[in-house]
Amino acid sequence: MSEVVAKRYADALFQLASEKNIAEQLISELGTVKEVFKQDENLLEFLNHPRVAFDKKKELIDEAFKSFDKTVLNLLKLLIERHRINQIVAIVDLYQELYNEANGIATATVYSVRPLTDEEKASLETSFKKSVKKESITFINEVDPSLIGGVKIRVGNTIYDGSISGKLNRLKSRLTSANL
């Protein structure tokens, strides 16, 4: 149920941002909002507290995010007013997905045994953006020593496994099925 609500807010926000031609600007601002809400548990507690007046909550939002676009401030105030401020992280994530889809951007997680250099990420982007039919790919690098070597890439629900451990597991599977 809560994902449906978050999707409605994200859809409305993206539509409004697109009309105002500020969709890209909001990506950055919403990312900051998401980080603030994830890092400060007391903020949500304060904004959800029934004994704190709405004016005080609104004042806190205005002060904390005063340099942000009015659209972001209004969203936060609306969520507080409707007792849905807990949904802000989900709304930001869904907004990001809508923005990425509209602009041909894919997000991929790259698992490797060590952190990738910028050159390696650029090389992966060049080779993968054609196969996933996107304009660009943003890579999130996760270090996973269990891969032994190589990389494993997850784009959406698709996994491209070029790791040594993956190759060993596939070889083991073929060998055990050949013996039967």
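Residues numbered from 1 in each chain as written. Predicted model: local features only at pLDDT ≥ 70, side-chain atom pairs only at ≥ 80, totals over all residues. Heavy atoms only, no water.

Caption draft 1: Geometry of the nonpolar core. F37, L76 and Y95 are the most contacted members of the largest nonpolar core, which totals 33 residues. For this core, the elements supplying multiple residues, two or more each, are α1 (2–20), α2 (23–39), α3 (41–48), α5 (70–81) and α6 (88–102). It is α1 that provides the largest number of residues to this core, a total of seven residues. Each residue touching Y95, except ones within four places of it in the same chain, is listed here: A10, L13, F14, A17, I22, A23, L26, I27 and L30. (Core = buried A, V, L, I, M, F, W, Y, C linked by side-chain atoms within 4.5 Å. Buried < 20%, exposed > 50% of the residue type's maximum accessible area, 1.4 Å probe, protein only. Helix = DSSP H or I, 4+ residues; strand = E, 2+ residues; numbered from the N terminus. Contact = heavy atoms within 4.5 Å.)

Caption draft 2: Looking closely at the layout of surface pockets. Approximately 470 Å³ is the volume found for the largest pocket. Lining the largest pocket are D93, Q96, E97, N100, E101, I105, A106, T107, T109, K134, T138 and I140. Breaking the lining of the largest pocket down by element, the ones donating at least two residues are α6, β1 (105–112) and β2 (136–143). The element best represented in the lining of the largest pocket is α6, accounting for five residues. Residues that form the lining of the largest pocket fall into these classes: three nonpolar, five polar and four charged. (1 Å grid on protein atoms, 1.4 Å probe; cavity = no way out; pocket = protein on both sides within 12 Å on 5 of 7 lines; lining within 4 Å. Points joined across faces, edges and corners; volume = space filled by probe spheres on them. Nonpolar A, V, L, I, M, F, W, Y, C, P; charged D, E, K, R; others polar.)

Caption draft 3: Spotlight on the packing of helix α4 (residues 54–64) against α5. The geometry of α4 relative to α5 is characterised by a closest axis approach of 10 Å and an angle of 155 degrees between their N-to-C directions. Between α4 and α5, the interaxial angle falls into the category roughly antiparallel. Once α4 is placed against α5, the crossing between them reads as right-handed. Every residue of α5 that contacts α4 at F54, K57, K58, I61 and D62 is listed here: L73, L76, K77, I80 and E81. Looking at the contact of α4 with α5 residue by residue, the class counts come to five nonpolar, no polar and five charged. (Axes fitted to C-alpha atoms, helices over the stretch in contact; angles between N-to-C directions. Parallel < 35°, antiparallel > 145°, perpendicular 65-115°, else oblique. Left-handed = near helix turned anticlockwise from the far one by under 90°.)

Caption draft 4: Molecular detail of the pairing of β2. Relative to β2, β1 runs parallel, the two being bridged by eight bridges. Bridge pairing in β2 places A106 opposite I137. Each parallel crossover has a hand, and the one from β1 via helix α7 (residues 118–131) to β2 is right-handed. (Pairing = 2+ DSSP bridges. Right-handed = clockwise from strand over helix to strand, strands pointing away.)

Caption draft 5: Representation of the side chain of Q87 in the model. Here Q87 lies in the loop between α5 and α6. Take Q87: its relative accessible area is 17%, and that puts it in the buried class.

Caption draft 6: The sheet that holds strand β4 (residues 158–161), seen in detail. In spatial order, the strands read β2-β1-β3-β4; together these four strands make up an open sheet with mixed pairing. At either margin of the open sheet sits one strand with a lone partner, and together these are β2 and β4. Adjacent strand axes in the sheet meet at a mean angle of 20 degrees, parallel and antiparallel pairs treated alike. Inspection of the sheet shows β1 paired to strand β3 (residues 151–155) by five bridges, in the antiparallel sense. Bridge pairing in β3 links S112 to V151. Of the strands in this sheet, β1, β2, β3 and β4 are in contact with α7, which crosses β2 at around 130 degrees.

Caption draft 7: Molecular detail of a nonpolar patch on the surface. A cluster of nonpolar side chains, namely I148, I164, L168, L171 and L175, defines an oily patch on the protein surface of about 460 Å² accessible area. Secondary-structure assignment places I148 in the loop between β2 and β3. (Patch = residues over 30% accessible without salt bridge, like charges linked within 9 Å, V, L, I, M, F, W, Y side chains within 5 Å. Areas by Shrake-Rupley, 256 points an atom, 1.4 Å probe, with all protein chains shown as cover. Salt bridge = Lys/Arg side-chain N within 4 Å of Asp/Glu carboxyl O.)

Caption draft 8: Spotlight on the pattern of salt bridges. The full count for this structure, using the stated rule, is seven salt bridges. For K77, the salt bridge goes to D62, with nearest N and O atoms at 2.7 Å. Separated by 15 residues along the polypeptide, K77 in helix α5 and D62 in helix α4 bring together distant segments of the chain. Of the residues examined, D62 reaches a relative accessible area of 28% and is grouped as partly exposed. We note a salt bridge from K66 to E63, for which the minimum N-O separation is 3.1 Å.

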